[in-house]
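# Observations on the three-dimensional arrangement
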Amino acid sequence: MSTGNHSRKLTGMTRRPLVGVAACLILGIFAHDHVLIQPALYLSLAGLCAAASLVALRWERIGSILLAVGLFFAGIAGGQLRHFYFSTHEIGSYTRAEPRLVRVVLRVDNPPQITANSQPSHNASTPKQTFSATALWILHRDGWSACDGTVRVRLNKPHPRLTAGQTIQALGFLSSPLPPANPGQYDWATHYRLQRALATLSVAEVDNVQILSDGRFSILRWLRQLVRSALSKGFSADRSLDHALLRVLVLGDGDPELRDIQDDFLRTGTSHHLSISGMHVAVLGGFVFLLCRLLFFPPGRSAWIGMGFVILYGLVTIPSPPVVRSVLLCLAFGIGVVAGRRLDSIQLLAASILIMLIWQPMDLFNAGFQLSFGTVLGLMIFTTPLTGWMARKHLLEEIAAPLQPPRTPAEQLIQTARHHLRAALSAGLVAWAVSLPLIAWHFRQLNPWAIAASILLALPVFAAMVGGLLKIVLTMMLPGMAGLWAAIAAGPVFLMRQMVHLLSQLPGSDVVLPTIPIWLILLYYILILLPLLVRDIQPLKKIKRWSPIAALLLILILPLSGLSSPHPPGKHLRMTLLSVGAGQCAVLELPGGKVILIDAGSSSIADLYRDCLDPFLRHRRIGRIDQVFISHANGDHFSAVEDLCQRRAVGEVLMTTQFRRQSHGNGPAESMLQSLWQNRISTGMVRAGDQIQLEPDVTLESFWPPDDPTLDENESSMVLQLHYAGKTILFTGDIQSAAQQQLLLNPLPLASDLLIAPHHGSAEPTTVDLLSAIHPLAILSSNDHTLTRKQRRFDQLANPIPLYRTNDRGAITVTILDTGELRIESFLNPQP
């Protein structure tokens with residue numbers, strides 16, 4: 001189809017009723033925050049009724065306008081009902097500002113997932129188990145009360161017997177989902193609210209969970225378990241990574257073991273290969289259809305078998321917007337084949353959007369929903385014209401083909417390969433261009449190699465998906481040969497892993513973008529669509545020809561523009577104490593451009609680097625870390641260092657002289673040291689009395705520890721004093737009374753403008769004397785959400801010195817200007 005004919009066809013999009021209905025509903029849901037629900041309901045009903053009446057009177061044009069108005073207000077009402085209105089017995093109404101201890105009865109809604117670092121032995125924290133559950137009963141002072149609503153449950157230690165469908169009784173701390181506490185961090189509170197989950201439950205011990213019943217027998221649950229068991233059977237322990245990757249490809253099940261591989265897919269812009277989409281369903285459904293045809297089944301019967309497989313596949317996988325959308329589209333096309341009719345693909349897409357939004361209106365704000373439907377719509381609109389444009393130079397050859405001698409088989413094969421390569425390149429380019437602003441908006445990244453990487457990975461991904469499907473079927477048929485089927489299925493998976501890892505090493509594979517303004521995204525899509533919207537307007541012919549290129553340049557030049565720099569002008573030092581729960585991490589951005597970390601660990605965040613540190617560094621557009629200081633050998637101060645050194649350029653890691661001795665028998669510390677050696681990261685020692693010149697105007701002075709082998713981990717923490725522009729910041733690690741007593745023997749050097757509180761702001765017998773010697777203008781403390789008795793006592797002793805705790809303030813940023821002016825800002829609750 002030529003570009004002109006295709007664009008003429010597209011101008012009829014407004015005459016596609018489902019497209020118009022979906023567009024009006026989408027606009028209404030987007031505007032649901034700006035209109036009261038009662039007027040929206042009244043206007044929606046009035047508009048729909050008036051439209052029906054006018055259409056009956058054959059006033060179609062006015063009726064269509066009123067129908068659009070009615071649908072717009074219906075979208076507003078639906079969005080508000082889903083977002084703001086909950087049951088009076090909603091479990092979220094029992095939450096408070098502080099976590100409260102409760103006993104609840106829950107029904108487990110989905111299979112529990114293990115969340116942990118991809119290399120658990122490298123992390124000081126244990127794996128966590130998470131799942132969604134429906135609240136049934138809650139115990140309070142007046143006894144048991146019925147409740148409802150969704151609650152996100154986290155077990156600090158995995159329960160070995162938890163499965164979906166069980167009814168359990170749990171004792172834990174109930175709270176509201178927490179908003180992001182650091183710049184760049186993902187907003188889980190908004191994410192869960194869009195899923196109508198207003199409460200989280202944290203359970204400390206496995207014994208605090210009692211299984212009351214396994215629930216009624218469910219064929220669907222049994223089938224899902226059977227399929228996953230068949231897929232896993234035959235995989236040995238050393239092939240667990242291949243099994244996990246195959247499970248996410250074929251069934252959509254996440255696995256913490258895949259975190260590193262998922263990072264590689266994300267950096268190369270090919271993460272869509274890991275999520276079940278229309279491509280996955282089409283490939284597997286098409287494989288079943290082809291298999292039926294090879295067995296000489298007629299097309300109609302093959303289509304019915306293919307549709308049955310697609311339905312079964314959608315039930316076996318965990319439901320998600322891409323899965324539901326893909327199943328609906330495949331079923332619609334299958335019905336078209338059976339009926340012998342060609343269906344309008346854009347109409348089908350609009351119908352699936354309508355079904356999804358009527359079921360879950362707030363999915364419209366989900367990144368996966370937007371990327372899934374937006375990319376498919378772009379492929380439907382642009383792939384055929386782009387392929388035709390790319391094939392224009394071969395048009396004369398095709399016209400002259402009847403006059404030429406017959407092609408040899410080799411020439412025919414080359415022509416076919418060329419045609420498929422053009423189609424794949426066109427689809428890759430369209431998908432990349434359409435998804436580019438959405439990825440930039442949601443994830444603030446640009447993947448220059450995404451098109452080439454997607455095409456190169458397509459073949460091993462398809463082979464792995466078909467191999468996984470055959471593995472399940474053949475294991476059910478011949479379970480004794482499961483090991484052989486597993487070895488065969490693991491082949492393309494291994495190839496895919498190696499390819500994506502090599503692609504992730506390409507320079508510039510992941511460009512961090514600044515926050516993209518919404519007007520820029522709208523302008524981008526207008527420029528992309530301009531050739532299709534103004535085809536007959538003569539003065540705009542030249543503009544429309546170059547508008548898509550202008551749209552791409554608009555996004556591509558943004559990282560190079562002055563808008564992309566997050567740093568304010570002027571010479572200054574910036575120190576950010578991140579909110580990392582039970583741990584500590586301070587990021588220093590020096591005037592000359594160097595970046596220094598003092599500690600990077602947590603015992604309450606399982607994967608600190610990916611969940612907290614990396615998002616912050618991306619937000620600040622920091623690539624290289626020049627030096628990392630590890631105060632002592634407790635995991636809550638270094639658990640993220642290993643991942644940091646593997647994922648980013650790190651110049652040097654500095655430790656105390658006691659660190660290596662204290663690492664013996666300390667698994668996480670030993671693992672980190674081994675990783676530093678393997679990655680050839682330079683290491684150094686810091687001793688009491690050292691003066692470290694970080695930059696010409698920035699000095700770090702070490703006061704502690706001495707070379708004393710009798711000191712334990714906390715008492716041998718580094719005590720460092722930062723000097724810049726006449727101001728000082730004192731970092732005290734986890735020193736307690738013994739170290740504080742020794743430091744107080746010479747109190748004068750301790751005087752500082754800011755104090756990073758020792759041992760997460762815990763009181764010691766020496767606290768009053770230490771605060772008196774330091775005499776800080778303010779105190780900053782990194783600590784978990786719930787304060788201990790010693791921490792509450794520290795608050796009393798520190799009064800009236802201003803005290804900023806990360807559990808209340810989130811990340812705390814200190815800026816020291818070259819004039820000596822000192823500013824303190826907090827990410828949460830900025831008012832003192």
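Residues numbered from 1 in each chain as written. Predicted model: local features only at pLDDT ≥ 70, side-chain atom pairs only at ≥ 80, totals over all residues. Heavy atoms only, no water.

### Digging into the environment of Glu90
Relative to the elements of secondary structure, Glu90 occurs in the loop between helix H4 (60-84) and strand E1 (100-108). Separated by 58 residues in sequence, Glu90 and Asp148 place their C-alpha atoms 5.1 Å apart. (Helix = DSSP H or I, 4+ residues; strand = E, 2+ residues; numbered from the N terminus.)

### Quick look at the environment of His89
Mapped onto the elements of the fold, His89 is located in the loop between H4 and E1. Looking at His89, the relative accessible area reads 45%, which means it is partly exposed. Measuring from C-alpha to C-alpha, the distance between His89 and Trp137 comes to 9.8 Å, with 48 residues separating the pair along the chain. (Buried < 20%, exposed > 50% of the residue type's maximum accessible area, 1.4 Å probe, protein only.)

### Structural notes on the sheet that holds strand E23 (residues 803-805)
Taken together, seven strands build an open sheet; the order of strands is E17-E18-E19-E20-E21-E22-E23 and the sheet is mixed. Only two strands of the sheet have a single partner each, and these edge strands are strand E17 (691-695) and E23. With direction set aside, neighbouring strand axes in the sheet form an average angle of 20 degrees. Lying over the sheet, helix H26 (residues 789-798) contacts strand E22 (778-781) and E23, oriented at roughly 155 degrees with respect to E23. (Pairing = 2+ DSSP bridges. Axes fitted to C-alpha atoms, helices over the stretch in contact; angles between N-to-C directions. Contact = heavy atoms within 4.5 Å.)

### Quick word on the pattern of salt bridges
Considering all chains together, one arrives at 15 salt bridges under this definition. For Arg647, the salt bridge is made with Asp264, and the minimal N-O distance between the two is 3.7 Å. Residue Arg647 is located in helix H21 (residues 641-647), and its partner Asp264 is located in helix H8 (residues 259-267); the two are separated by 383 residues in the primary sequence. Under the relative-accessibility criterion, Asp264 is labelled buried at 6%. For Glu821, the salt bridge goes to Arg823, with nearest N and O atoms at 3.2 Å. On the basis of relative accessible area, Glu821 is assigned to the partly exposed category, the value being 39%. Arg823 sits in the partly exposed class, given a relative accessible area of 42%. Each member of the salt-bridge network shares a partner with another, and the members are Arg239, Asp242 and Arg497. (Salt bridge = Lys/Arg side-chain N within 4 Å of Asp/Glu carboxyl O.)

### So, the confidence of the model for the protein chain
Confidence along the protein chain averages 82 in pLDDT terms, with 85% of residues attaining 70 or more. Ignoring residues within four places in sequence, the model shows residues 1-14, a span with pLDDT below 50, making 20 contacts including any to other chains. In this model residues 117-125 is a low-confidence stretch, pLDDT under 50, and it forms 31 contacts with partners more than four residues away in sequence or in other chains. (pLDDT = per-residue confidence, 0-100.)

### Points about unusual backbone geometry
Across the junction of Trp704 and Pro705, the peptide omega takes the value 10 degrees, indicating a cis bond. Relative to the helices and strands, Pro705 resides in the loop between strand E18 (698-704) and strand E19 (719-724). Here the amide bond leading from Asn799 into Pro800 is cis, since omega sits at 15 degrees, within 30 degrees of zero. Within the element layout of this structure, Pro800 appears in the loop between H26 and E23. Positive phi, close to 70 degrees, is recorded for Asp599, a residue that is not glycine. By secondary structure assignment, the location of Asp599 is in strand E13 (residues 595-602). For Arg680, which is not a glycine, the phi torsion comes out positive at approximately 55 degrees. For Arg680, the location among the structural elements is in the loop between helix H23 (667-678) and strand E16 (682-686).

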